[in-house]
Amino acid sequence: MAIQRVWIYVSAALLTTICSIFADQTVKPIVGVLFLHVLERDHYQVRFQSFQEAKGIVTNSSITFSANLDDHPDRPRWLRLTQRTAYHDGMLYGTPTLEDVGQRIIKVTAYNRETYETTSQNIIVNVEQTIGLKFPYQVEFFVKNKDVEEVLVFAVQKQFMGRVQSIWDSNHLTIINITSALDRGGRVPLPIEGRKEGVYVKVGSNIPFPSCLEEEANPDEQCDDQQEPVSCEDTFRPHFIIDWCNILLIDKSKPDIPDADLVPGDGVLMDGGEYNPPSNSIEDRDYYLDYVVTITVPLVIALILCLILTYIMCCRREGIEKRDGETSDIQLVHHHSIQDNTSELRDLAKSRDGIRPLSTLPMFNARTGERAPPPLPFNYDTSRVPLVLDQQEPYSDPYPRNQPKTQQQETGT
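A brief report on the enclosed structure follows.

What counts and what doesn't
Residues numbered from 1 in each chain as written. Predicted model: local features only at pLDDT ≥ 70, side-chain atom pairs only at ≥ 80, totals over all residues. Heavy atoms only, no water. Helix = DSSP H or I, 4+ residues; strand = E, 2+ residues; numbered from the N terminus. Contact = heavy atoms within 4.5 Å. Pairing = 2+ DSSP bridges. Axes fitted to C-alpha atoms, helices over the stretch in contact; angles between N-to-C directions. Core = buried A, V, L, I, M, F, W, Y, C linked by side-chain atoms within 4.5 Å. Buried < 20%, exposed > 50% of the residue type's maximum accessible area, 1.4 Å probe, protein only. 1 Å grid on protein atoms, 1.4 Å probe; cavity = no way out; pocket = protein on both sides within 12 Å on 5 of 7 lines; lining within 4 Å. Points joined across faces, edges and corners; volume = space filled by probe spheres on them. Nonpolar A, V, L, I, M, F, W, Y, C, P; charged D, E, K, R; others polar. Expected span 1.5 Å × (residues − 1). Bend = angle between axes of the 7 residues up to and from the residue.

1. Quick notes on the environment of L182
Okay, so step 1: In this fold, L182 is placed in the loop between β9 (173-180) and β10 (199-205).
Okay, so step 2: Taking the C-alpha atoms as reference, L182 lies 8.6 Å from V199; in sequence the two are 17 residues apart.
Okay, so step 3: Ignoring anything within four residues of it in the chain, the contact list for L182 reads R187, V188 and E197.

Here is the structure:
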């Protein structure tokens, strides 16, 4: 009984631990501030049955993540999911807006690519709006030598913010958004070492822009990608290579003043009438001329060609009489003599009664005089029979033959 109670307590404790690990998580993103949630592989690997059968041995399985709304196949438009390889952790990141305030449930599914096991977990996302948190001065940097997964790491973000603080000379800075260049329409880099996709990093503050950034973002200044601002020299290098031609300054401290010329209307046309769409009726059209041009013209051309061909073939023939009249008498006599001799030879060849030579027959026996091939056994190999039997040896005759009567009498005597 004591052993059973111990097993019951251990099972209950294990079940409580697993349930607490894979219970729904709640996160609270803030409007206008970068949100990042790391999907750790080790956290989801415990759920797989293959990991439990390994008796606590940590296995390096390849795991891929997918995330979507609990009742929809996609994610919210502000939330992105990235994972470099199946052996890296997944990352949910993005910046919510005022339109995204509220609670949504994100279903995260982990897929073991080796054992084909899956496990899922719900993440409750409560987007909140903080009163008084405003960043009217925003700067967007383009980092050329980094990927989005590298910049999303907290240590790299802290290092980048340290570089920006040294320029801005303020600690009131916040990363508003991090976006991959591929999401902005950038091209996929070549698989060469050192080639990165590039990352856009937007930083906000409540303090006006420093002078070096204003000078670099001035459209009147000539942009040079290889030359950094004088006052910002060697601030980001060598860890972060900034494309100073793509730097963007956003000033939201001044309210937007609408144009005075634009006066909103009530949606009614100026003349006060109603919109009349064009009529669906089609005007009648006479196709007689089109028919004449399409059918009659080709027929007339074909008729003219037939008349020309008829005149050439029938009306311009010379005839036998004209040909004989223009030919000399000696040539005609010679031609008729050759023709008469040829006809006479053909008639003689047809009227002779002689037997055809045996060599002209398709198969014959030179000894017996048989014109048809001799009968062969049913299972005889006919491929060995020559086309002309006279080609065999003169004293060998494998087929039976009838001896002449004179030879039979001599053998009888």
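2. Thoughts on the side chain of T82
Okay, so step 1: With respect to the helices, strands and loops of the structure, T82 is situated in strand β4 (residues 79-82).
Okay, so step 2: Leaving out residues up to four positions away in the same chain, T82 has contacts with D89, G90, M91, Y93, V148, E149 and L152.

3. Things to note about the sheet that holds β4
Okay, so step 1: Spatial ordering of the open sheet is given by β2-β5-β4, a layout of three strands whose pairing is antiparallel. Strand pairing shows two members of the sheet lacking a second neighbour, β2 (35-39) and β4, which therefore form its edges. Shown here is a sheet whose adjacent strand axes are inclined to one another by a mean of 20 degrees, direction ignored.
Okay, so step 2: With four bridges connecting them, β4 and strand β5 (residues 90-94) associate as antiparallel partners. The residue of β5 that forms the bridge with T82 is M91.

4. Let's talk about the nonpolar core
Most often, soluble globular proteins keep nonpolar side chains buried together rather than apart.
Okay, so step 1: Counting residues in each nonpolar core, the largest one holds 31 residues, and the members touching the most others are F141, F160, I178, V201, L213 and F236.
Okay, so step 2: Broken down by secondary-structure element, the contributors of at least two residues to this core are β5, β8 (137-143), α4 (148-151), α5 (154-168), β9, β10 and α6 (211-216).
Okay, so step 3: For this core, the leading source of residues is α5, giving six residues.
Okay, so step 4: Look past the residues within four positions of L213 in its chain and what remains in contact with it is V139, F141, I167, W168, W244, I247 and L249.

5. Focus: the layout of surface pockets
Okay, so step 1: Computed from the structure, the largest pocket encloses a volume of approximately 670 Å³.
Okay, so step 2: V31, G32, P96, Q138 and K252 are, among the 24 residues lining the largest pocket, the residues nearest its centre.
Okay, so step 3: By residue number, the principal contributor to the lining of the largest pocket is β9, which donates three residues.
Okay, so step 4: Here the lining of the largest pocket is composed, by residue class, of nine nonpolar, ten polar and five charged.

6. Digging into helix α7 (residues 288-315)
Okay, so step 1: With 28 residues, α7 should cover 40 Å at 1.5 Å per step; its first-to-last C-alpha distance of 38 Å lies within 8% of that length.
Okay, so step 2: At T296, α7 is deflected by roughly 25 degrees, the largest bend along its length, and proline P298 occurs up to four residues later in sequence.

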